[in-house]
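Chain and residue survey
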Amino acid sequence: MNPTYVIDTNALIDLDWRTYPRTNFNCLWDFIATNIKTGKITVIDKVYEELGKNPRDDTFLFAKGLKESKPIRKTVGFADENITKLYDLLIESSLYRFDAIKDFVSVADGWLVAYAATCGLTVVTGENKGKPSEAKAKNQKRVKIPDACLLMKVNVVSTLKMIEEPNFREKP
């Protein structure tokens, strides 16, 4: 089965901490785990590294259990061309401060978008698009994943939208 989604760190954390905690929604988390194991959802190395910053966290323990059953996808050396393209598009947009662009392409967020563009995947994130008034400021301090996806022509959905999509709910 070809992957359909690539999931962001905050999508997993928000799902566990704020929306559907694993302690109360084991069925949902088992279903997500099955979709990761079968490849419908991809977890990239940079997301796994971000989750590892708090190794006692339940979300990290969930991801650690998955790592043993499904390899975490490597990004560096695979999505390099698209991380460079994303960097160039962000610079050309003139919407962001240089340090915001540099930060974005060096952490999981930028690599997530580049990986999705390389593989034709939909990004799953808990982030919202920047506000239109912020977009005109030309000195935004932070690049948001949905805005970068728009520049790269990559589909992006919230975690809830992913769960609601018919092709996600089909048995893996």
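Values in this document were obtained by computation on a predicted structure and should not be read as measured data. (Residues numbered from 1 in each chain as written. Predicted model: local features only at pLDDT ≥ 70, side-chain atom pairs only at ≥ 80, totals over all residues. Heavy atoms only, no water.)

**Points about the packing of aromatic side chains**
For the structure on display, the rule yields 2 aromatic pairs. Both rings, one in Tyr 20 and one in Phe 25, keep their centres 4.9 Å apart while their planes meet at 85°; by these two values the pair is edge-to-face. The class of Tyr 20 is partly exposed, set by a relative accessible area of 24%. Aromatic pair Phe 78 and Tyr 115: ring centres 5.4 Å apart, planes at 40°, arrangement tilted. One end of the pair, Phe 78, is in the loop between helix 4 (58-69) and helix 5 (80-93); the other, Tyr 115, is in helix 7 (residues 108-119), and 37 residues separate them in sequence. Overall, Phe 78 belongs to the partly exposed group, its relative accessible area being 46%. (Phe/Tyr/Trp six-rings, centres within 6.5 Å; stacked < 30°, edge-to-face > 60°. Buried < 20%, exposed > 50% of the residue type's maximum accessible area, 1.4 Å probe, protein only. Helix = DSSP H or I, 4+ residues; strand = E, 2+ residues; numbered from the N terminus.)

**Thoughts on the sheet that holds strand 1 (residues 5-7)**
Sheet strands pair by backbone hydrogen bonding; their relative direction is either parallel or antiparallel. Strand order in the open sheet formed by 4 strands is 2-1-3-4, and the pairing between neighbours is parallel. Where the open sheet ends on each side, the last strands, each with one partner, are strand 2 (41-42) and strand 4 (156-157). Two strands pair when backbone bridges link them, and strand 1 and strand 3 (residues 122-124) are joined in this way by 3 bridges, in the parallel orientation. Its bridge partner being in strand 3, Val 6 is matched across the sheet by Val 123. (Pairing = 2+ DSSP bridges.)

**Quick word on the side chain of Thr 125**
Within the fold, Thr 125 resides in the loop between strand 3 and helix 8 (132-135). A polar side-chain atom of Thr 125 sits 3.2 Å from a polar atom in the side chain of Asn 10. For Thr 125, the side chain forms a polar contact with the main-chain nitrogen of Glu 127, separated by 3.1 Å. The residues contacting Thr 125, other than those within four sequence positions of it, are Asp 8, Asn 10, Ala 11, Ile 145, Pro 146, Val 156, Val 157, Ser 158 and Thr 159. (Polar contact = N/O pair within 3.5 Å; in protein donor to acceptor, adjacent residues only side chain to side chain. Contact = heavy atoms within 4.5 Å.)

**A closer look at the nonpolar core**
Residues Val 6, Leu 86, Leu 90, Phe 104, Val 113, Val 123 and Val 143 are the most contacted members of the largest nonpolar core, which totals 49 residues. Here this core gets 7 residues from one element, more than from any other, and that element is helix 7. Look past the residues within four positions of Val 6 in its chain and what remains in contact with it is Thr 42, Ile 44, Leu 112, Tyr 115, Ala 116, Leu 121, Thr 122, Val 123 and Val 124. (Core = buried A, V, L, I, M, F, W, Y, C linked by side-chain atoms within 4.5 Å.)

**Focus on unusual backbone geometry**
Of note, Ser 94 is a non-glycine position whose phi angle comes to about 55°, a positive value. Along the polypeptide, Ser 94 turns up in the loop between helix 5 and helix 6 (98-106). Even without glycine at this site, Lys 153 takes up a positive phi of about 60°. With respect to the element layout, Lys 153 can be found in the loop between helix 9 (145-152) and strand 4.

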